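Architecture at a glance
One letter stands for each residue in the lines below.
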Amino acid sequence: MHNKTLADIIAGLNRGDFSSVEITRHFLDRIHQLDGQYNSFITVTAEAALASAAAADQQRANGSVPLFCGVPMAHKDIFCTNGVRTSCGSKMLDNFVPPYDATVVENFANAGAVILGKTNMDEFAMGSSNETSYYGPVKNPWDTNCVPGGSSGGSAAAIAARLTPAATATDTGGSIRQPAALCGITGLKPTYGRVSRWGMIAFASSLDQGGPMARTAEDCALMLNVMASFDGKDSTSIDRPVPDYSNYLNQPLSGLKIGIPKEYFGEGLNPGTEQAVRDALVEYEKLGATLVEISLPHSNLAVPAYYVIAPAEASANLSRFDGVRYGYRCENPKDLRDLYMRTRGEGFGEEVKRRILVGAYCLSAGYYDAYYRKAQQARRLIKQDFVDAFQQVDVIMGPTSPSPAFGFGAKGNDPVAMYLEDIYTIATNLAGLPGMSVPCGLVNNKPVGLQIIGDYFDEALMLNVAHQFQQATDWHQRAPEGLA
């Protein structure tokens, strides 16, 4: 049953092929048996999941039910869950149990979903490899000597290992798309404001966005139908009607114009990755699309702009973790200054400290104009590049990540090399655009992702484009050896 997609599970439950308790217990057993190899979950809520599944079966027996009634899934441990530890992958929040649900969590609860647990992640979503988690690194099911990508590596690995059919995730600079690419699954970052950030622990508020991860574009469409909503509690939420994304999946692609940025196929791109992406583009031509070379001339500014803006916002957002109200507190502080210094020094990991320091420096007197203001100006140029490009094309495509999954520790001593793992994904966050990654090939038996970037609120078209590719290929059906 673990090879069933989300759509298969919903259909099977509706037909009565199996009960929610049966499918939920199946996935819980797999987590118990296999997750020791991958470390993809921080918390498993087995007892609560089985109780929810039993209630869903009873509800189903009584009549009409919501779409996700009795469907098992998982949440990234950045979404607050009422009564369940929400750690954000950090020692700082190891003992934090929220008294409320994030809006995304509440939406899935209202839709009837059964939650298997909370998935591992880079600490406070800061990382591209899932090596910064307080709970240890997540291992890639395709090669357990390699990283799964980050920061949503736990969600990606759990889906790839068939421990859950789907999971929520977040994307600040590629944290849905990059791990989706490295783990051979489908992941989508919606337009900024499309999914509520209320109850999602903040890293960089102008960049963070929640989104779905699953095996297929069809599954992501089903999830986005639940996740996307206007939320008055979130000041960045967009009050705009939510379409039924599933209704657009089967539209033909004849006449589609695909933009190919020349900047995405230069130095630093792994040759095998490039070939897999170009083969995927040929497939799109067979489906009736036209390839158009475009330029995003300010692409080279994306990484430096991001690593000024994101740490600056992080330094402000993480100032609330001080040992006073909640979370970790150092033992026997001498005074308030000692409490702050030791709590933050002991509670945060090295990468989080690095970004707080960089952000505080960029916002400090005398440097704000030189760094933060300049980065925001670069951000505006990057956004304008996309606005101009979408005057010519319908979607933009290229590689999601410059290479397949890399080994543990390969980039740990070189933060810049690690930051460059997000070189193709960061720009969409800076511009607030939607983007997604779909599997498009293998290099040395490691997955490669094709990135699809859409215009604002064009998630339906992106999902349609991805689904048609998956109807014509089988990369999304491939599984790590021994798990098929």
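Below is a summary of the structure that appears in this document.

1. Thoughts on the overall build of the chain
A count of helical and extended segments in the chain gives 15 helices and eleven strands. For the chain, the spread of C-alpha atoms along the principal axes amounts to about 65 × 55 × 45 Å. Residue burial in the chain is summarised as follows: out of 484 residues, 60% are buried. Here the analysis covers contacts within the chain between residues at least 6 apart in sequence; of these, 76% occur between residues at least 24 apart. Summing over all exposed atoms, the chain offers an accessible surface of approximately 17,900 Å²; the carbon and sulfur share of this is 49%. Within the chain, one finds 40 positive and 50 negative side-chain charges whose respective centroids are separated by 4 Å.

2. Section: the pairing of strand β11 (residues 446-454)
Of all nine residues that make up β11, nine are buried, and the element is covered over most of its length. As defined by bridge partners, strand β9 (residues 395-399) adjoins β11 across five bridges and the pair is classed as antiparallel. Following the sheet pairing, P399 is matched in β11 by L450. Linking strand β10 (residues 435-443) to β11, which pair antiparallel, is a turn of two residues; within it N444 sits at a positive phi near 55°.

3. Focus: the environment of G83
Turning to its location among the elements, G83 is positioned in the loop between β2 (72-76) and α4 (103-110). On a C-alpha basis, the gap between G83 and L301 in space is 42 Å, while along the polypeptide they are 218 residues apart. Apart from residues lying up to four places away in sequence, G83 is in contact with V97 and P98.

4. Re the pairing of β9
Taking burial as the measure, the five residues of β9 include five buried ones, the bulk of the element. In this structure, strand β7 (residues 257-261) lies alongside β9, joined through two bridges in parallel fashion. Looking across to β9, one finds that I258 is bridged to V395.

5. Structural notes on the nonpolar core
In this structure, F68, F124, Y284, F386, M397, I452 and L463 are the most contacted members of the largest nonpolar core, which totals 140 residues. Counting residues per element, this core draws most heavily on helix α9 (residues 302-317), which supplies ten residues. Other than its neighbours up to four places away in sequence, F386 contacts Y264, L296, I396, A427, T428, A431, L433 and I453. Core analysis: the second largest hydrophobic core is formed by seven residues, C146, A181, A405 and M418 among them.

6. Examining the pattern of salt bridges
Evaluation of the coordinates by the stated rule reveals 15 salt bridges. R177 serves as the salt-bridge partner of D171, at 3.0 Å between the closest nitrogen and oxygen. The class of D171 is buried, set by a relative accessible area of 0%. Since its relative accessible area comes to 0%, R177 is described here as buried. Salt-bridge contacts for D322 lead to R325; the nearest nitrogen and oxygen are separated by 3.4 Å.

7. Comments concerning empty space enclosed by the protein
A complete count under the given rule lists three cavities of 30 Å³ or more for this structure. Lining the largest cavity are 13 residues, with G127, S128, S175, Y306 and D422 positioned closest to its centre. A per-class count over the lining of the largest cavity returns five nonpolar, six polar and two charged.

8. Here's the deal with the packing of α4 against helix α7 (residues 217-227)
Here α4 crosses α7 at 110°, and the two axes come no closer than 8 Å. Compared by their axis directions, α4 and α7 come out roughly perpendicular. Where α4 abuts α7, its residues V104, N107 and F108 lie against M223, V226 and M227. Partitioned by chemical class, the residues of the contact of α4 with α7 number five nonpolar, one polar and no charged.

9. Some details on a nonpolar patch on the surface
On the surface, V324, L336, Y340 and M341 cluster together to form a nonpolar patch covering roughly 380 Å² of accessible area. Among the structural elements, M341 can be located in helix α10 (residues 336-347). On the accessibility criterion, M341 (52% relative accessible area) is exposed.

10. Topic: α4
Among the residues of α4, T103, V104, V105, N107 and F108 are the ones counted as buried. Contact partners of the buried residues in α4: β2, β4 (166-171) and α7. In the stretch just after α4, G112 is the one whose phi turns positive, near 95°.

11. Let's talk about the packing of aromatic side chains
Evaluated as defined, the whole model comprises 15 aromatic pairs. On the basis of an interplanar angle of 50° and a centroid distance of 5.9 Å, the ring pair of Y361 and Y371 is categorised as tilted. One end of the pair, Y361, is in helix α11 (residues 350-363); the other, Y371, is in helix α12 (residues 368-389), with ten residues separating them in the sequence. The ring of W198 carries K233 above its face, with NZ or CZ at 4.8 Å from the centroid. When the ring centre of F406 is taken as reference, the NZ or CZ atom of K411 above it lies at 5.0 Å.

12. Quick look at the side chain of K446
Within the fold, K446 resides in strand β11. Within the buried core, K446 has no salt-bridge partner, and the shortest N-O distance to an opposite charge, that of D143, equals 4.1 Å. When neighbours within four sequence positions are excluded, K446 is seen to be in contact with D143, C146, P404, A405 and G441.

13. Here's the deal with the packing of helix α2 (residues 20-38) against helix α3 (residues 46-62)
Contact geometry for α2 and α3: axes closest at 8 Å, N-to-C directions at 160°. The angle between α2 and α3 falls in the class roughly antiparallel. Both α2 and α3 take part in a crossing whose hand is right-handed. Listed contacts from α3 to S20, V21, T24, R25 and L28 of α2 are A46, A49, L50, A53, A54, A56 and D57. In the contact of α2 with α3, the residues fall into eight nonpolar, two polar and two charged.

14. Comments concerning the state of the cysteines
In the structure shown here, the tally under the stated rule is zero disulfides. C88 carries a free sulfur, and the closest cysteine sulfur to it, the one in C80, is 8.4 Å from it. Overall, the relative accessible area of 0% leaves C88 in the buried class.

About the criteria used
Residues numbered from 1 in each chain as written. Predicted model: local features only at pLDDT ≥ 70, side-chain atom pairs only at ≥ 80, totals over all residues. Heavy atoms only, no water. Helix = DSSP H or I, 4+ residues; strand = E, 2+ residues; numbered from the N terminus. Buried < 20%, exposed > 50% of the residue type's maximum accessible area, 1.4 Å probe, protein only. Contact = heavy atoms within 4.5 Å. Areas by Shrake-Rupley, 256 points an atom, 1.4 Å probe, with all protein chains shown as cover. Lys, Arg positive; Asp, Glu negative; His and termini not counted. Charge placed at Lys NZ, Arg CZ, Asp CG, Glu CD. Pairing = 2+ DSSP bridges. Core = buried A, V, L, I, M, F, W, Y, C linked by side-chain atoms within 4.5 Å. Salt bridge = Lys/Arg side-chain N within 4 Å of Asp/Glu carboxyl O. 1 Å grid on protein atoms, 1.4 Å probe; cavity = no way out; pocket = protein on both sides within 12 Å on 5 of 7 lines; lining within 4 Å. Points joined across faces, edges and corners; volume = space filled by probe spheres on them. Nonpolar A, V, L, I, M, F, W, Y, C, P; charged D, E, K, R; others polar. Axes fitted to C-alpha atoms, helices over the stretch in contact; angles between N-to-C directions. Parallel < 35°, antiparallel > 145°, perpendicular 65-115°, else oblique. Patch = residues over 30% accessible without salt bridge, like charges linked within 9 Å, V, L, I, M, F, W, Y side chains within 5 Å. Phe/Tyr/Trp six-rings, centres within 6.5 Å; stacked < 30°, edge-to-face > 60°. Lys NZ or Arg CZ within 6 Å of the ring centre and 35° of its normal. Left-handed = near helix turned anticlockwise from the far one by under 90°. Disulfide = S-S within 2.5 Å.

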